[in-house]
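Summary of the model geometry
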Amino acid sequence: MLEVVTTATLAEAAAAMGPGARFLGGGTLVMRAANEGDPTLRRIVRSTERLDRIQTEGNRIRIGAGVTMSGLLAARETAFLAPAARAVGGPQVRNQATVGGNLHAPHPYGDLTVALLALDGIVHLSNGQDMALEPYLAARAHPPGLVAAVSVTQPMGEAFRFRKVSRIKPKGVSVLSMAAHLSRSAGRLSGVRIAYGAMGPAPVRAAAVERALEGADLSATGIASALAQATVGLEPPDDALASAWYRREVAPVHLRRLLLGEP
């Protein structure tokens, strides 16, 4: 029998988690599992604590785990995330899907997480612990706590770019997705962050590409070395959407378009 536990605080919800338990945010994934009779789901835990605040903290934006994709689209502070938030499902899904839930959405979902990863995302947990997003994603099958919020660097100007590649427009799931934070110093790229979705078991940074872009100029010649490193160290999956071979072949093409701002 499926048990539902409601708590007043996120900390209490974390204490109620255990084997077979899943936290209910927007419900786009958890309720589907419940409706499909997922035998591994034995308890749904929810909290009435407010988790939908968006706050500016210096040069970073803190986004509550309960903020929906529609909430991101409506807030002036998170306007830079609009391309990624808009890439999540249709209007009904965006009205329900949350930032915290997106961190746990398996491929072919979770496109927003790719954007958060490129913006140096930090996960703020219910136990007060802060954790960089990339190691959190690597451990998300057994997270150290419930997500209270995620904070990201606020990009300057048009430094942030996002691209979703899908076979069906406009609401198709992603074959792969990419995000870039193209910060510069003295006209040269510096501290660049590149993240991919569907190029590994979870969204991942493209470290080889980042190294190749350091100190380069944002031109066809300047990014040539980075394109040659587009899939180094990555393990794209074979699935019904695309083969690993196909993802490796098209990744440099879409990375070039992302970096140069091409359609």
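First, a word on what this report is: a plain description of the structure on this page.

With four of five residues buried, strand β13 (residues 193–197) is to be regarded as a mostly interior element. Pairing analysis gives five bridges linking strand β10 (residues 174–181) to β13, with the strands arranged antiparallel. Bridge assignment links Ser177 to a residue of β13, and that residue is Gly197. Taken together, the two bridges between β13 and strand β14 (residues 204–205) define a ladder with antiparallel strand orientation. Paired with Tyr196 across the strands is Val204, a residue of β14. Linking β13 to β14, which pair antiparallel, is a turn of six residues; within it Ala198 sits at a positive phi near 65°.

Turning our eyes to something else, we now look at the side chain of Ser47. Relative to the elements of secondary structure, Ser47 occurs in strand β3 (residues 43–47). Taking the relative accessible area as the measure of exposure, Ser47 reaches 15% and is therefore buried. In this structure the side chain of Ser47 is engaged in a polar contact, spanning 3.4 Å, whose partner is the backbone oxygen of Thr9. Of note is the side chain of Ser47, whose polar atom sits 3.1 Å from the backbone nitrogen of Glu49. Each residue touching Ser47, except ones within four places of it in the same chain, is listed here: Thr7, Ala8, Thr9, Leu10, Ala13 and Phe23.

With that out of the way, let us pick up helix α7 (residues 111–118). In terms of burial, α7 is a largely internal element, eight of the eight residues being buried. Residues Asp111, Leu112, Thr113, Val114, Ala115, Leu116, Leu117 and Ala118 constitute the buried set of α7. Immediately downstream of α7, the backbone of Asp120 shows phi near 55°, a positive value.

Turning to the sheet that holds strand β8 (residues 147–153), a few remarks are in order. Taken in spatial order, the five strands of this open sheet run β4-β5-β8-β6-β7, and their pairing is antiparallel. In the strand order of this sheet, the two ends are held by β4 (54–57) and β7 (130–132), each with one partner. Averaged over all neighbouring strand pairs, the angle between strand axes comes to 25°, with direction disregarded. Two strands pair when backbone bridges link them, and β4 and strand β5 (residues 60–64) are joined in this way by four bridges, in the antiparallel orientation. Its bridge partner lying in β5, Thr56 is registered against Ile61.

Rules behind the numbers
- Residues numbered from 1 in each chain as written.
- Predicted model: local features only at pLDDT ≥ 70, side-chain atom pairs only at ≥ 80, totals over all residues.
- Heavy atoms only, no water.
- Buried < 20%, exposed > 50% of the residue type's maximum accessible area, 1.4 Å probe, protein only.
- Helix = DSSP H or I, 4+ residues; strand = E, 2+ residues; numbered from the N terminus.
- Pairing = 2+ DSSP bridges.
- Polar contact = N/O pair within 3.5 Å; in protein donor to acceptor, adjacent residues only side chain to side chain.
- Contact = heavy atoms within 4.5 Å.
- Axes fitted to C-alpha atoms, helices over the stretch in contact; angles between N-to-C directions.

Bear in mind that shape data such as this cannot, by itself, settle questions of function.
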